[in-house]
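What follows is the residue order along each chain.
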Amino acid sequence: MPEENRGTTTLPTPEKTGYGPVFAVREFRAVFLAHALSLLGVVVSEIALTVLVYGLTGSPLLSALVFALGFLPYLVGGTLLSGVADRFPPRRVLVVCDLVCAGCAALMALPATPVAALLVLRCLIAAVSPVFSGTRMATLTDILGDGDLFVLGRSLLRIVSQSAVLVGFGLGGVLLTVVSPRGALAVTLGTFLASALLLRLGTRRRPARAGGGAIVRYSLSGARQVLADRRIRALLLLLWVPPMFVVAPEALAAAYADEAGVGTAWIGLLMCAMPVGTIAGELYAGAALSPAARSRIVLPLAGAGLLPLLVYPFHPGLGWILLALVLAGSAGAYTLGLDRWFVDAVPEELRGRAMTVHTAGLMTIQGVGMALAGAAAEFWAVSTVVGGVGVLGTLCCLLLAVEVRRTGRTGGVEGVERKGAAEWPGKGPGRRPGKALEKGANIDTRDGADHDMTGR
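### Describing the overall build of the protein
Consideration 1: Secondary structure assignment for the protein yields 22 helices and zero strands.
Consideration 2: Expressed as a percentage of the 456 residues in the protein, the buried residues total 56%.
Consideration 3: Here the protein has roughly 17,600 Å² of accessible surface; of this, 70% comes from carbon and sulfur atoms.

The structure is reproduced here in structure tokens:
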């Protein structure tokens, strides 16, 4: 198939709400399975690498760095390399990213690889991940269009990411009872290679969205364009800020269990409750709500999603704490409607860079949120910190909700969605209401020139 033939997949027209029409798209099935495999590889490699580094050094600090280094390079990779997502054919980018990660896993599995090299290789995987994720997100608009199928496809990938937190660590722990940490890293190599093969054989060749100029300059230019647009910036912040606050209870789960005087078994429950709520909320919103309904719940859920955390300072029973965490996680369903607004606001030629910036910012800000929560817990009780996070986070989210509503009032995407239309008039996979943005038209308010805890 010629490289220059972009051609979108012939999409089923969803006559009812649910995920079935998304799985009817052959290319999406390949992307979905590849995502599950590569994500499993990332999770298993994190566990195996942590155990390996601790076994080699006996240092809790160095073993903890394995997880920290999964966040830190995101900002660098997502900022300086975001242009890769638009400059090169997307399938090639996805396959090469998987092969780079496979190469890193292979080197990690070698007995002669020293600890310093293990940490550097972990950084390299983390730096590649935002490029991979951003390219895949942008490619979904080619595969599924930029309407409701895209929203549901993104939802399914997030559900896989949350499920990986619940299942992957358990599988990794079981795997390490059978093989050595380096043997587990060899299994990770296989998952990355399988993902690359699925993407190579299961998706179509499509041309690059744009090009020209040095890659770093091109990447920084795209980041500036994304962040300078008032509407896009407001949507990005609403995608970033709630996760920044909502990670606090998970980051402080062990400390809270100690404060409450309960056993270590409760730590696992405290860490699993929020992902369970997130998965349940996503599944319900995707399967039971119409596109218009998902659009209507965005701002209420984003504004009120952190309120359940206010129960912490009252020291209720752990059953109530678990319920609060499930409710806070389920509020993550606001992202389904927000994803639609975001993709409609971003010009097509900027999508790869915008999606990469989104991924990099999301992972970075969650790492910042964890660090700040931990620092605050050095001075105040964990229950007080989590309750304070609920108050401060709610105030920030309400302010962002007001900004998102304000930027949608002058003819932007949200303003059209508020009319209640589930689909754009005359919309097809190749059309969207934001076309005027691609020509530089100022149809929305501008002020310038232009929980998922895994990166995959």
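### What to know about the side chain of Thr139
Consideration 1: You can see Thr139 is positioned in helix H7 (residues 115-144).
Consideration 2: Once residues lying within four places of it in the same chain are set aside, the contact partners of Thr139 are Pro90, Leu94 and Arg209.

### What to know about the packing of aromatic side chains
Consideration 1: For the structure shown, the criterion picks out five aromatic pairs.
Consideration 2: Through successive ring pairs, a cluster of aromatic residues spans Phe23, Phe28 and Phe32.

### Some details on the pattern of salt bridges
Opposite charge on two side chains lets them pair, provided their charged atoms get close.
Consideration 1: Overall, the coordinates contain eight salt bridges when judged by the stated rule.
Consideration 2: Here Asp148 ties to Arg294 by a salt bridge, and the two come within 2.0 Å at their closest N and O atoms. Of this pair, Asp148 sits in helix H8 (residues 148-178) while Arg294 sits in helix H15 (residues 291-296); the two residues are 146 residues apart in sequence, bridging distant segments of the chain.
Consideration 3: With relative accessibility at 9%, the residue Asp148 sits in the buried group.
Consideration 4: Arg340 is the partner of Asp344 in a salt bridge, and the nearest nitrogen-oxygen pair spans 3.0 Å. Here the residue Asp344 and the residue Arg340 both occupy positions in helix H18 (residues 334-345), the gap between them amounting to four residues, near one helical turn.
Consideration 5: Residue classification places Asp344 among the buried residues on the basis of a relative accessible area of 0%.
Consideration 6: Relative accessible area serves as the criterion here: at 5%, Arg340 is assigned to the buried category.
Consideration 7: Salt bridges linked by common partners bring Arg154, Arg158, Glu282 and Asp339 together as one network.

### So, the packing of helix H6 (residues 90-109) against helix H9 (residues 181-202)
Consideration 1: Contact pair H6 / H9: the axes reach a minimum separation of 8 Å and the direction vectors enclose 165°. Put simply, H6 runs roughly antiparallel to H9. Here H6 and H9 pass one another in a crossing that is left-handed. Across the interface between the two elements, Arg91, Leu94, Val95, Asp98, Leu99, Cys101, Ala102, Ala105, Ala106, Met108 and Ala109 from H6 touch Arg182, Leu185, Ala186, Thr188, Leu189, Phe192, Leu193, Ser195, Ala196, Leu199 and Arg200 from H9.
Consideration 2: Residue classes in the contact of H6 with H9 are distributed as 16 nonpolar, two polar and four charged.

### Description of the nonpolar core
Soluble globular proteins: nonpolar side chains tend toward being buried together.
Consideration 1: By size, the foremost hydrophobic cluster in this structure holds 108 residues, and its most contacted members are Leu238 and Phe342.
Consideration 2: Top contributing element to this core by residue count: H7, with 13 residues.
Consideration 3: Setting aside residues no more than four positions away along its own chain, Phe342 makes contact with Ile232, Leu235, Leu236, Leu239, Ala354, Met355 and His358.

### Thoughts on the packing of helix H2 (residues 26-57) against H9
Consideration 1: Packing of H2 against H9 leaves a shortest axis separation of 8 Å and a crossing angle of 160°. In terms of axis orientation, H2 runs roughly antiparallel to H9. Crossing handedness for the pair H2 and H9: left-handed.
Consideration 2: Of the residues that constitute the contact of H2 with H9, the class distribution is 20 nonpolar, seven polar and three charged.

### Observations concerning a nonpolar patch on the surface
Consideration 1: Taken together, the side chains of Val96, Val100 and Leu124 present a nonpolar region at the surface, about 210 Å² in accessible area.
Consideration 2: Structurally, the position occupied by Val96 is in helix H6.

### Some words on helix H17 (residues 318-330)
Consideration 1: For H17, which comprises 13 residues, the first-to-last C-alpha distance of 18 Å matches the rise-based estimate of 18 Å (1.5 Å per residue) to within 8%.
Consideration 2: Every buried residue of H17 is accounted for by Leu318, Ile321, Leu322, Ala324, Leu325, Ala328 and Gly329. With its buried residues spanning 160° around the axis, H17 presents them on a single face.

### Side note on the confidence of the model for the protein
Consideration 1: Here the protein shows a mean pLDDT of 77. Residues at 70 or above account for 77%.
Consideration 2: Segment residues 1-15: pLDDT under 50, and 44 contacts once partners within four positions in sequence are set aside and those in other chains are kept.
Consideration 3: Segment residues 410-455: pLDDT under 50, and 120 contacts once partners within four positions in sequence are set aside and those in other chains are kept.

What counts and what doesn't
- Residues numbered from 1 in each chain as written.
- Predicted model: local features only at pLDDT ≥ 70, side-chain atom pairs only at ≥ 80, totals over all residues.
- Heavy atoms only, no water.
- Helix = DSSP H or I, 4+ residues; strand = E, 2+ residues; numbered from the N terminus.
- Buried < 20%, exposed > 50% of the residue type's maximum accessible area, 1.4 Å probe, protein only.
- Areas by Shrake-Rupley, 256 points an atom, 1.4 Å probe, with all protein chains shown as cover.
- Contact = heavy atoms within 4.5 Å.
- Phe/Tyr/Trp six-rings, centres within 6.5 Å; stacked < 30°, edge-to-face > 60°.
- Salt bridge = Lys/Arg side-chain N within 4 Å of Asp/Glu carboxyl O.
- Axes fitted to C-alpha atoms, helices over the stretch in contact; angles between N-to-C directions.
- Parallel < 35°, antiparallel > 145°, perpendicular 65-115°, else oblique.
- Left-handed = near helix turned anticlockwise from the far one by under 90°.
- Nonpolar A, V, L, I, M, F, W, Y, C, P; charged D, E, K, R; others polar.
- Core = buried A, V, L, I, M, F, W, Y, C linked by side-chain atoms within 4.5 Å.
- Patch = residues over 30% accessible without salt bridge, like charges linked within 9 Å, V, L, I, M, F, W, Y side chains within 5 Å.
- Expected span 1.5 Å × (residues − 1).
- Arc of directions from axis to C-beta.
- pLDDT = per-residue confidence, 0-100.

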